[in-house]
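Next come the chains, spelled out residue by residue.
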Amino acid sequence: MQISHNISLKQHNTFGIDVTAETFYHITTVAQLKKVLSEQKNNALFILGGGSNMLLTQDIKKPVLHIDLKGIEVISETDDNIIIKASAGENWHQFIIHCIHNNYGGLENMSLIPGNVGTAPIQNIGAYGVELKDCFYSCEAIDVNTQETHTFTNKECEFGYRNSIFKNQLKGQFIITSVSFSLTKRNHKLRTGYGAIQEALNANNISTPTIKDISEAVIAIRQSKLPDPNKLGNSGSFFKNPIIDLDGFRTFQQQFPEAPFYKITETQFKIPAGWLIEQAGFKGKRYGDAGVHKNQALVLVNYGNATGQEIWDLAMKVKEAVIKKFGITIAPEVNVF
Ligand code: EPU
């Protein structure tokens, strides 16, 4: 196991924030992970996967455990379905490419989401009408206190919108080492309901799409709207879309009848934070090297040398402006350290 000291984390977080890790463990086996955990008495650890959903605002004094476990394995299969397991350190998009190549369906709408397989369940990643929970079979995780391996079923993960048990009751208590997915081998359930997907397919004259066609449509949509973290530091959606109750929604709609919304239940309405932020005048705004993306106001970007604090200050400015204009509070989706 490789241990480094005082290294920059700039290459390890998609925001490209330059903070220093005092001690950095590069972990490539579960045995190494268990050993490090058993040696850490107070469990004050910083777990780093793909670094795609975090904003680092200060140097990290705690030991950083970079989970870089690799491997993809078929657990079981029938003519129709497959259970396939990927280690936590596998790149999410590369794993989807592997599945599409083998004609395993289910994950294609989530193509090109940055990050690694192991962090995907923590916030139940999702895009274009599909969430991780729709294909999630189980995950293996190590208890940081006992170093025992625990398997969590879909139900046990308590998935919700960008949420799971790993962000709540079990926060910081388990390290996910692998995730198993239940995918289709034929009769794929294609989800083209999300408007932009159908438009992209029509534009290419595709009437009977394959999972590869859908993946390519999603990639094209994402590339047109969302910045590539390799070119412009970002963490995807910085905020969650706020959910408001019926009373709040009625008032909101009277004032802003043109606003887009998604009805979740009879009494719950989700308002796109990107729309709120754009209306509050922040789309494309730049303050030093911290900015709001020009094509998708929900994404904050680092033009090069922004500090985590500068991104955070911008986020708070945006949040205050949205509260002032709409009376709606938007909460960050990224984890802030
Ligand atoms: N909108 C604006 N201005 C903007 C951005 C959006 O008016 O600057 C409007 C759009 O016109 C549309 C609505 O807001 O009417 C929704 O926009 P979009 O379809 O782009 O989706 P979103 O709600 O902003 C969510 C996810 C994304 C995911 C997309 C597509 C969250 C927090 N974000 O964004 O996820 O890719 O849907 O499914 O739920 C991520 O989590 O990092 C992420 C990128």
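As shown above, the structure is provided for reference.
The sections below set out a description of the structure shown in this document. The structure displayed is predicted, hence computed values, not measured ones.

### Overview of the site of the ligand
Of all residues adjacent to the ligand, which total 24 residues, the nearest are Tyr128, Tyr161, Tyr194, Ser237 and Glu278. Between the ligand and tyrosine 161 there is a distance of 2.7 Å, counted from an oxygen atom to a side-chain nitrogen or oxygen. Interatomic distance of 2.7 Å between a side-chain N/O atom of tyrosine 194 and an oxygen atom of the ligand. Protein contact buries 82% of the 820 Å² of open area that the ligand shows by itself. When residues of the shell around the ligand are traced back to their parent elements, those giving at least two are strand E8 (126-127), helix H4 (211-225), strand E13 (233-237) and helix H6 (273-279).

### Observations concerning the packing of helix H3 (residues 195-203) against H4
Think of two packed helices as two axes; the pair is described by the angle between the axes and how far apart they sit. The geometry of H3 relative to H4 is characterised by a closest axis approach of 9 Å and an angle of 110° between their N-to-C directions. With respect to H4, the axis of H3 lies roughly perpendicular. Only Asp213, Ala217, Val218 and Ile221 of H4 make contact with H3, whose side of the interface consists of Ala196, Ile197, Ala200 and Leu201. Considering only residue class, the contact of H3 with H4 consists of 7 nonpolar, no polar and 1 charged.

### Overview of the sheet that holds strand E3 (residues 46-48)
Pairing within the open sheet is mixed, and its 4 strands lie in the order E1-E2-E5-E3. Where the open sheet ends on each side, the last strands, each with one partner, are strand E1 (2-8) and E3. Along the sheet, successive strands turn relative to each other by an average axial angle of 30°, direction set aside. As defined by bridge partners, strand E2 (residues 20-27) adjoins strand E5 (residues 64-67) across 4 bridges and the pair is classed as parallel. In the sheet register, isoleucine 27 faces E5, and the bridge partner there is isoleucine 67. The strands that helix H1 (residues 30-39) touches are E2 and E5; relative to E2, the one it contacts most, it runs at about 135°.

### Some thoughts on the pattern of salt bridges
If the charged atoms of two oppositely charged side chains come close together, the side chains can form a pair. One pass over the structure, following the stated rule, counts 14 salt bridges. Among the ionic pairs, lysine 35 bridges to glutamate 39, the shortest N-O distance being 3.0 Å. Residue lysine 35 and its partner glutamate 39 are located together in helix H1, separated by 4 residues, close to a single helical turn. Residue class for lysine 35 comes out partly exposed when judged on its relative accessible area of 46%. When its relative accessible area of 42% is taken as the criterion, glutamate 39 is described as partly exposed. With a closest N to O distance of 3.3 Å, lysine 85 and glutamate 140 form a salt bridge. Of this pair, lysine 85 sits in strand E7 (residues 81-87) while glutamate 140 is found in strand E10 (residues 136-143), placing the two residues 55 residues apart along the sequence. Taken together, the shared-partner salt bridges connect Glu131, Lys133 and Asp134 into one network.

### A look at helix H7 (residues 308-326)
Given a rise of 1.5 Å per residue, 19 residues ought to cover 27 Å, and the 27 Å separating the end C-alpha atoms of H7 matches this to within 8%. Listing the buried residues of H7 in full gives Gly308, Ile311, Leu314, Ala315, Val318, Val322 and Phe326. Across the axial projection of H7, the buried residues extend over an arc of 125°, all falling on one side. Structurally, H7 contributes buried residues whose contacts are with strand E4 (54-55), helix H5 (246-255), H6, strand E17 (286-287), strand E18 (290-292) and strand E19 (299-302). Remark: glycine 327 follows H7 within two positions and exhibits a positive phi of approximately 70°.

### Considerations on the environment of arginine 286
With respect to the element layout, arginine 286 can be found in strand E17. As a C-alpha pair, arginine 286 and threonine 151 span 135 residues in sequence and 45 Å in three-dimensional space. Discounting residues that sit within four places of it in the chain, arginine 286 has contacts with Gly291 and Tyr303.

### Considerations on the packing of aromatic side chains
Evaluated as defined, the whole model comprises 19 aromatic pairs. With a centroid separation of 5.0 Å and 80° between ring planes, the pair formed by phenylalanine 152 and phenylalanine 166 is classed as edge-to-face. Here phenylalanine 152, found in strand E11 (residues 149-153), pairs with phenylalanine 166, found in the loop between E11 and strand E12 (174-184); they are 14 residues apart in sequence, far enough to count as distant. You can call phenylalanine 152 buried: its relative accessible area is 4%. Taking 6.0 Å as the distance between ring centres and 55° as the angle between the ring planes, the aromatic pair formed by phenylalanine 252 and phenylalanine 326 counts as tilted. Of the two residues, phenylalanine 252 sits in helix H5 while phenylalanine 326 sits in helix H7, which places them 74 residues apart along the sequence. By the burial criterion, phenylalanine 252 is buried, and phenylalanine 326 matches it. Following the ring pairs from residue to residue traces out a cluster consisting of Phe15, Phe238, Phe239 and Trp312. Sitting over the ring of phenylalanine 282, lysine 285 keeps its end group 6.0 Å from the ring centre.

Thresholds, definitions, all that
- Every residue gets a number counted from 1 within its own chain, in the order that chain's sequence is written.
- Predicted model: local features are reported for residues with pLDDT of at least 70 only, side-chain atom pairs are reported and counted for 80 or more only, and whole-chain, interface and lining totals are derived from all residues.
- Hydrogens and waters are ignored; side-chain quantities use all the structure's heavy atoms.
- Being near a molecule or strand, for a residue, comes down to having at least one heavy atom within 4 Å of it.
- Throughout this description, a polar contact denotes any pair of N or O atoms lying within 3.5 Å of each other; where both atoms belong to protein, one of them has to be capable of donating a hydrogen while the other can accept it, and for residues adjacent in sequence the pair is counted only when both atoms sit in side chains.
- Each accessible area is a Shrake-Rupley result for a 1.4 Å probe, and residues are judged covered by the shown protein chains and nothing else.
- Each helix is a run of DSSP H or I of at least 4 residues and each strand a run of E of at least 2, with the numbering of both proceeding from the N terminus.
- Axis lines are fitted through C-alpha atoms, for helices just across the contact stretch, and the angle between N-to-C directions can take any value from 0 to 180 degrees.
- Any angle that is under 35 degrees is reported as roughly parallel, and any over 145 degrees as roughly antiparallel; angles of 65 to 115 degrees are reported as roughly perpendicular and all others as oblique.
- Should any heavy atoms of two residues lie within 4.5 Å, those residues are considered in contact.
- Residues are grouped as follows: nonpolar covers Ala, Val, Leu, Ile, Met, Phe, Trp, Tyr, Cys and Pro; charged covers Asp, Glu, Lys and Arg; every other residue, Gly included, is treated as polar.
- Paired strands, as defined in this entry, are two strands with at least two bridges between them according to DSSP.
- Whenever a carboxyl oxygen of Asp or Glu lies within 4 Å of a side-chain nitrogen of Lys or Arg, that contact is scored as a salt bridge.
- Burial status follows relative accessibility: with a 1.4 Å probe on protein chains alone, a residue under 20% of its type maximum counts as buried, one over 50% as exposed, and anything between as partly exposed.
- Helix span, expected: 1.5 Å multiplied by one less than the number of residues in the helix.
- The arc in question is the one spanned by the directions pointing from the helix axis to the C-beta atoms.
- For this analysis, a ring pair means two rings from Phe, Tyr or Trp (six-membered ring only for Trp) whose centres lie within 6.5 Å, classed as stacked if their planes differ by under 30 degrees, edge-to-face if by over 60, and tilted for the remaining angles.
- Only Lys NZ and Arg CZ are tested; either one counts as a charge over a ring when it is within 6 Å of the ring centre and within 35 degrees of the ring normal.

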